[in-house]
Amino acid sequence: MKIETKIEKFNEPLYLESGRLLEEFEIVYETYGTLNEDKSNVIIICHALSGSHHAAGRYEKEAKAGWWDKFIGDGKTIDTNKYFVICSNNIGSSYGSTSPLSINPSTKKEYRLKFPVLTISDIVNAQMKLYKKLGINNAVAVIGGSMGGMQTLCYAIEHPTFAKHYIAMACTAYTRPWVIALNKIGIEAIRHDKAFKNGEYDKEDLRANGLVGLAIGRMAGLIAYLSPDLFNRKFSRDYVETDGLYELFGRFEIEKYLEHNSYSFPKFFDPLSYLYICKTINIFDAGRNKDSLEESFTKIEGKLHLIAFKDDMLFFPEEMEQIKDIMIKIGKKDQVTFKLVDSSSGHDSFLVEVEKFEEHVKNVLKD
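Here we summarise the structure given alongside this text.

Reading the values: the criteria
- Residues numbered from 1 in each chain as written.
- Predicted model: local features only at pLDDT ≥ 70, side-chain atom pairs only at ≥ 80, totals over all residues.
- Heavy atoms only, no water.
- Helix = DSSP H or I, 4+ residues; strand = E, 2+ residues; numbered from the N terminus.
- Rg over C-alpha atoms; globule rule 2.2 N^0.38 Å.
- Buried < 20%, exposed > 50% of the residue type's maximum accessible area, 1.4 Å probe, protein only.
- Areas by Shrake-Rupley, 256 points an atom, 1.4 Å probe, with all protein chains shown as cover.
- Lys, Arg positive; Asp, Glu negative; His and termini not counted.
- Charge placed at Lys NZ, Arg CZ, Asp CG, Glu CD.
- Salt bridge = Lys/Arg side-chain N within 4 Å of Asp/Glu carboxyl O.
- 1 Å grid on protein atoms, 1.4 Å probe; cavity = no way out; pocket = protein on both sides within 12 Å on 5 of 7 lines; lining within 4 Å.
- Points joined across faces, edges and corners; volume = space filled by probe spheres on them.
- Nonpolar A, V, L, I, M, F, W, Y, C, P; charged D, E, K, R; others polar.
- Expected span 1.5 Å × (residues − 1).

### Let's talk about the overall build of the protein
Link 1 in the chain: On a plain count of helices and strands, the protein comes out with 12 helices and 14 strands.
Link 2 in the chain: A compact globule built from 367 residues should have a C-alpha radius of gyration of about 21 Å, and the protein, at 20 Å, falls within 12% of that.
Link 3 in the chain: Principal axes of the C-alpha set define a box for the protein whose edges measure 65 × 50 × 45 Å.
Link 4 in the chain: Taken over 367 residues, the protein has a buried fraction of 55%.
Link 5 in the chain: A total accessible area of about 16,900 Å² is found for the protein, and carbon and sulfur atoms account for 51% of it.
Link 6 in the chain: A distance of 3 Å separates the average location of the 47 positive side-chain charges in the protein from that of its 52 negative side-chain charges.

Structural data, given as structure tokens:
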């Protein structure tokens, strides 16, 4: 598979929903496959909270392939022999696009806590500027899960003629109190961690030592990303062999798992980005501004394909079913499909149980 990583700089303002602007910005993006002559074979991939532009493939000496490598590649569901796939790193994120650690051109200093709050619409509008610069006016499909699914819904509503298909997985039409509450754990833990220093931490210190507050937030997320059944199957009540049952801080295997996957997180993901992304997720509402959900979905012109996961404990299946019901109610029955996957990996099923929905996506793309 042909894979390339590039960065595009925009010496123009990005006007934000908040009324603020980014005077200039950069987007790091990755492409897979080959763009055909008339640029008609494009598929857009949108990533989740901690995801990046590196969605698939593996560079030389790279230990781990891209986060959706099961899904994207030569001969895979999103076949890069046929399609030209683009995945951008969201602005605000930790992987190279403009973020709180970027230099503010007005002050010549890093934004830090002076970075503007972003919405899903802002992220999508920045990406649309990238496609315009690349001479891409249309896509076969926009596809994303979780926060990437929110972006997909935003594309469908705000850029309704851009793609033929909009495939949204494991997401919601608006963020419910349950997710906002989970995010609050991480937000508060980061803010009150003395090592955070009100956003003025030393980046090298964090890479070396991590940040306990962000690790705690990551733990809360991991609990919701998986599912009780998965925890039962994978860990049961097994105890760490080297820990004593009656030691106060002796651990069950599930505790060891959470520690291992959380305390490493701050060494590669920035806490300021985490705070800003959580805010972006929290304020997401497809019925934005004065529009109701029904009014927003009325704007959709392409086909909206919803894929929910039975044991998703972050964005529950009924949240996606609500979108389907609204589409039917407003007379767009022929423009919506809904698939409930009998998943067993919780919210993360859209990443790890590709085999359960790949045929469905292939059939969608045949249309």
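From this point, the narrative continues.
### A word on the pattern of salt bridges
Link 1 in the chain: Applying the stated criterion across every chain yields a total of 21 salt bridges.
Link 2 in the chain: Between Asp 69 and Lys 76 there is a salt bridge, with the nearest N and O atoms lying 3.3 Å from each other.
Link 3 in the chain: For Asp 69, a relative accessible area of 21% corresponds to the partly exposed category.
Link 4 in the chain: Two residues, Glu 359 and Lys 362, come together in a salt bridge whose shortest N-O distance is 3.5 Å. Of this pair, Glu 359 and Lys 362 both sit in helix α12 (residues 358-366), separated by 3 residues, roughly a single helical turn.
Link 5 in the chain: Assessed through its relative accessible area of 45%, Glu 359 is described here as partly exposed.
Link 6 in the chain: The structure contains a network of salt bridges with shared partners spanning Lys 9, Glu 24 and Glu 26.

### Re the layout of surface pockets
Link 1 in the chain: Empty space within the largest pocket amounts to approximately 1,200 Å³.
Link 2 in the chain: Looking at the largest pocket, it is lined by 45 residues, and the ones nearest its centre are Ser 50, Lys 64, Arg 218, Asp 348 and Leu 351.
Link 3 in the chain: Sorting the residues of the lining of the largest pocket by element identifies α3 (177-191), α5 (212-225), α6 (228-235), α7 (253-263), α8 (271-282) and α11 (349-352) as the ones contributing at least two each.
Link 4 in the chain: Of all the elements, α5 adds the most residues to the lining of the largest pocket, at 7 residues.
Link 5 in the chain: For the lining of the largest pocket, the residue count by class is 24 nonpolar, 14 polar and 7 charged.
Link 6 in the chain: Reported here for the second largest pocket is a volume of approximately 410 Å³.
Link 7 in the chain: If you trace the second largest pocket, you find 27 residues lining it, with Ser 93, Ser 94, Ser 99, Leu 101 and Ser 102 closest to the centre.
Link 8 in the chain: Among the secondary structure elements, those contributing two or more residues to the lining of the second largest pocket are β4 (25-32), α4 (203-209) and α8.

### Some remarks on empty space enclosed by the protein
Link 1 in the chain: Per the counting criterion, the structure on display carries 1 cavity of 30 Å³ or more.
Link 2 in the chain: Considered as a void within the structure, the largest cavity measures approximately 40 Å³ in volume.
Link 3 in the chain: With 3 residues, α8 is the largest single contributor of residues to the lining of the largest cavity.

### Points about helix α2 (residues 147-158)
Link 1 in the chain: Compared with an ideal rise of 1.5 Å per residue, which puts 12 residues at 16 Å, α2 spans 16 Å between its outermost C-alpha atoms and is within 8% of the ideal.
Link 2 in the chain: Burial of α2 is extensive: 11 of the 12 residues sit out of reach of the surface.
Link 3 in the chain: For α2, the complete set of buried residues consists of Met 147, Gly 148, Gly 149, Met 150, Gln 151, Thr 152, Leu 153, Cys 154, Tyr 155, Ala 156 and Ile 157.

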